[in-house]
Amino acid sequence: MVATTPANNYHARTATGESREPLLTLDHVTTVIHARKRTLRAVEDVSLSIGKGEILGVVGESGCGKSMTALTIMRLLPQSAVAAQGSIMFDDRDLLKLSGNEMRKIRGNQISMVFQEPMTALDPAFTVGSQIAEVVHAHETVSNDEAMQRAVRMLDRLGIPNADRRANDYPHQFSGGMRQRVMLALALVMNPKLLLADEPTTALDVTIQAQILELIAELRKELGLSVMLITHNLGVVHEIADRVAVMYAGEVVETGTVAEIFSNPRHPYTQGLLRSMPYLIKRQPTLHVIPGRVPELWAMPNACRFAARCPNRTEQCIKDHPALERIEINHELRCFNPTSFVR
Amino acid sequence: MLTFIVHRAIYSVFLLFIASVVIFYGLRVAPGEVTDILTNPANRSFMVANLEEKLGLNKPLPLQYFIFMGNFLKGDPGLSLINGEPIMTMLGRATGYTLKLGLLAAILTYAIAIPLGVIAAWKRNTVFDYGASLLAVLGMGVPNFLLAIILIQEFAVKRHWFPVAGYDSWKHIILPAIVLSAEAIAINLRVVRASVLEELNRDYVRTLYAKGLQERKILWIHVLRNSLPPIIALAGVMLRTLLGYTLIVETIFRWPGLGYQLVNSVLKRDYTVAQTLAILLTLAVIFFNLLADIGQQWADPRVRQGSK
Amino acid sequence: MASTNPTLPISTVPIEEIPSGAPGRTFGDRMAPLVANKLALFGGVLTLGFFVVAVLGAVVLLRGDLHYLYLDQNLRGTLKHPGDGSLLGTDNLGRSMFWRLIAGTAVSLWAGIAVTAISMTIGLILGSVAGYTRGWTDRIISALIDLTWGFPLILVAVIFVGMLEPGLTAVIVAISVVNWAGYARIVRAQVLTLKERAFIEAARSLGVPTWKIILVHLVPNMLGTMLVMASYYIAVTVIAEAGMSFIGLGAQPPTPSLGQMVSEGRKFLSKDPWIVALPGVMIALLVLALNTLGDGLRDIFDPRLRRW
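It should be emphasised that the depicted structure is a prediction, and the values quoted were computed from it without experimental measurement.

Cut-offs and rules
- Residues numbered from 1 in each chain as written.
- Chains lettered and ligands numbered in written order.
- Predicted model: local features only at pLDDT ≥ 70, side-chain atom pairs only at ≥ 80, totals over all residues.
- Helix = DSSP H or I, 4+ residues; strand = E, 2+ residues; numbered from the N terminus.
- Buried ≥ 20, exposed ≤ 12 C-beta atoms within 10 Å, placed from the backbone.
- Contact = placed C-beta atoms within 7 Å.
- Pairing = 2+ DSSP bridges.
- Axes fitted to C-alpha atoms, helices over the stretch in contact; angles between N-to-C directions.
- Nonpolar A, V, L, I, M, F, W, Y, C, P; charged D, E, K, R; others polar.

Engineer: Which residues make up the overall build of chain C, and what are the values?
Structural biologist: Helix and strand counts for chain C come out as ten helices and zero strands. Listed N to C, the secondary structure of chain C is α-α-α-α-α-α-α-α-α-α in terms of helices and strands. A total of 308 residues make up chain C; the buried ones form 46% of that total. Contacts spanning at least 24 positions in sequence make up 69% of the contacts within chain C whose residues lie at least 6 apart.

Engineer: Could you give an account of the sheet that holds strand 1 (residues 22-34) of chain A, with specific residues and numbers?
Structural biologist: All names here are of chain A. With antiparallel pairing, the four strands of this open sheet are ordered in space as 2-1-4-5. Each edge of the open sheet is held by one strand with a lone partner, namely strand 2 (39-51) and strand 5 (93-94). Two strands pair when backbone bridges link them, and strand 4 (residues 81-90) and strand 5 are joined in this way by two bridges, in the antiparallel orientation. Bridged to Phe90 within strand 5 is Arg93. Contacts between helix 1 (residues 66-74) and the sheet are confined to strand 1, strand 2 and strand 4, with strand 2 contributing the most and set at about 70° to the helix.

Engineer: So what's going on with the sheet that holds strand 12 (residues 331-333) of chain A? Residues and values would help.
Structural biologist: Residues and elements named next belong to chain A. Taking strand neighbours across the sheet as the criterion, the eight strands line up as 6-7-8-3-9-10-12-11 in an open arrangement whose pairing is mixed. Both edges of this open sheet fall to strand 6 (111-114) and strand 11 (325-328), since each of them pairs with a single strand only. The sheet shows a mean angle of 20° between the axes of neighbouring strands, taken without regard to direction. As defined by bridge partners, strand 6 adjoins strand 7 (residues 194-198) across four bridges and the pair is classed as parallel. Residue pairing for strand 7: Ile111 is matched across the bridge by Leu194. Running at roughly 170° to strand 6, helix 7 (residues 176-188) makes contact with strand 6 and strand 7 of the sheet.

Engineer: Go over the interface of chain B and chain C with me, naming the residues and quoting the values.
Structural biologist: Each partner contributes residues to the interface: chain B has 42 residues there, and chain C has 38 residues. Broken down by secondary-structure element, the contributors of at least two residues to the side of chain B that touches chain C are helix 1 (2-29), helix 7 (144-158), helix 8 (171-200), helix 10 (215-253), helix 11 (258-267) and helix 12 (271-299) of chain B. Here the side of chain B that touches chain C takes nine residues from helix 10 of chain B, the largest share from any one element. For the side of chain B that touches chain C, the per-class residue count stands at 28 nonpolar, eleven polar and three charged.

So, in structure tokens, the structure goes:
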């Protein structure tokens, strides 16, 4: 049913064309959820890679599988979900084959994740400082003082004023933006190589959004951090990402550098997304809308998943399933009938 | 908040006053005179008159009430009508026994209910969970006196592991403590399980995993700590209910605590002891109520009574 | 064929219907309300069974000429095992266990119903008045409720028994004195919410007198919740009555009571356990039936009342 892409060489693409070493590589990863009588394919044959020090934006609407992809990498899937196929290579190890304890040692330590809702993501019963120090204790044997010092330093680095005093405060005593900074401190205190950020700014005010994004960009430079930035907001991607992967209905439909994708998107969905953003295009009389809805997880068509809503669909589109192919050195596409983008 | 406490304290005192009057009058007005028990039918009338004089029973009731309350508040509620023992001494002794029993029951309750509840929630819908739920249902359904009899029969009469009744050695306290805590364990088990289940669904748990913490730590430190509020709220309610159960349990096992003394004094029409104990225990309950309400108020200022 | 301008009509190639498969309701989905009702069903059937028994027992208790059924002693036929001649055996005085059980169940349920009738009425009235009129009345009633509702039943029962004669009446009065507060609490809370609804507003503006509003509009809306609470409270009453009878302060002989039977049968546990087991099981089953009925009704009417 699904035509698999020959294992292309993913390793050589970067923002400017130079070779950046890949840090994390997803190879044909599929994650299924076993609901009561159905099997939902939440992540379908996803292949991605993130280079060292690179920010990859993963874009798509709600339910397209981008969060599930991140959770699959962290192996934090709910009990009913299983990563059924593929491999996730990190540091020459396949994350999907590690034992529970081995994976635990990686989480928070080499790969960290921050989540969307800073309001509820922190344990309300413990101080912020102790929660950060806890991460240190979980991965290294240090004294309480040492761990706390590192925690305070991290809070300070992330722009929390009076960090040493604030470390003794509880999460509810922080505002949303501050809480997200605390989350970042938690995630980065062990200096991980990769940060998975799942909609880190969606729940925040626009001005705070900008601050947090700037912070992430700085940290990338300072710590050599790679970031997988998941968002439905193309503007965010444009701000700080190096490369973009567009997902739809559980699949990756287009990837490329930010410059390339924003100037020359080939996939109709990507084009639709770009058109829907009013401020990237000159004034228009009406807002652009992509008609239709994402197909349900249990009723995925065997053909192109976007076909029902695609203005360019052809007969082939509703019969066969397109594969992800490299069309240029920095550009992959999953489409039978791409067109050029007209603003 | 302070106004609340003051209001409550005033109402409490008021209620206590009413309760004391009701108890006092009720006991005196009841059919059956203590003099009937204390005297020999042969010299009845003569002795009765004498006795009444001695015990001050022939003064008008309201006067008796005030004399009694006066003494009570001064700390000397008088002597037992049956054996002449100073009530204060009796109380002192009995309180000690009841406290010991209560403490052990409380320890048992939480030592069993919390671990079981947490594990039941963690392994929900497995055999363990169903087993724990079954235990809870049993604990709640079997009346405490029935449980007491069964345990006594099995372990004291048949197997001689424990003595049947009495209070001399540490062995005597085990069975009563188990019976007393049975229902508390059952209810707390349910509450712990429900609370933990709810917490397990919260977002911060996912963050804890993402931090790379060990599952053991996540469950027993973070989740448990956050599950506590309903359990603490329940403790207040349980405390009062347990006070009632001590009466029965102490009576069955002849454990000479406050409950046993109260039941006995009522059965034997020992007024002075009965009224003192009744008022004391009522005071205790009212006090616990007050504490529980204040605690609740402190935890959640939205719980306010009366019009504002 | 391909169009780059989104405002032109979409290509005219006929598309086969892309399957959108509406999710069928799985078996589990359909069963859910039935299961909740199943609880009510099970509890209801069981309770009904007990009611039938109780009615039979009531007939026997009330008709003087039928008293022999549970009073008749047969000193030559004592301690017979179940099935050995008589249906459920005989006790130490040769009385028929079968009839004593039936009469005893009637007594237990009678206590439950009487208490519920009294306390529900008081609770409904006071709770509605408090919730509806607010102001000083509310404050006083609320304070009364707060200080009463947590009182341990047994304690109050023992005190009341001390004041009145030991017996069923004392127990019933005692439990009612405490239980009303439980109903009143919930009623008041419900009234507070219902009061704001439009139809009450409408009735008020039409000049309907307060008492009528309460009776005709408020009360019917609370019946569901009342029913749930009644189930639980009857169970509580049954246990309390049994406990009191067990220690000798409840229903007095010759009126049989399940608790009393358990107490009497203690001495014979080793060789003739059924004298204790039968009434004990009856009590436990009755309580189970009532609790289950309560749980089921609660799932139907008002999931907010979850005890855990």
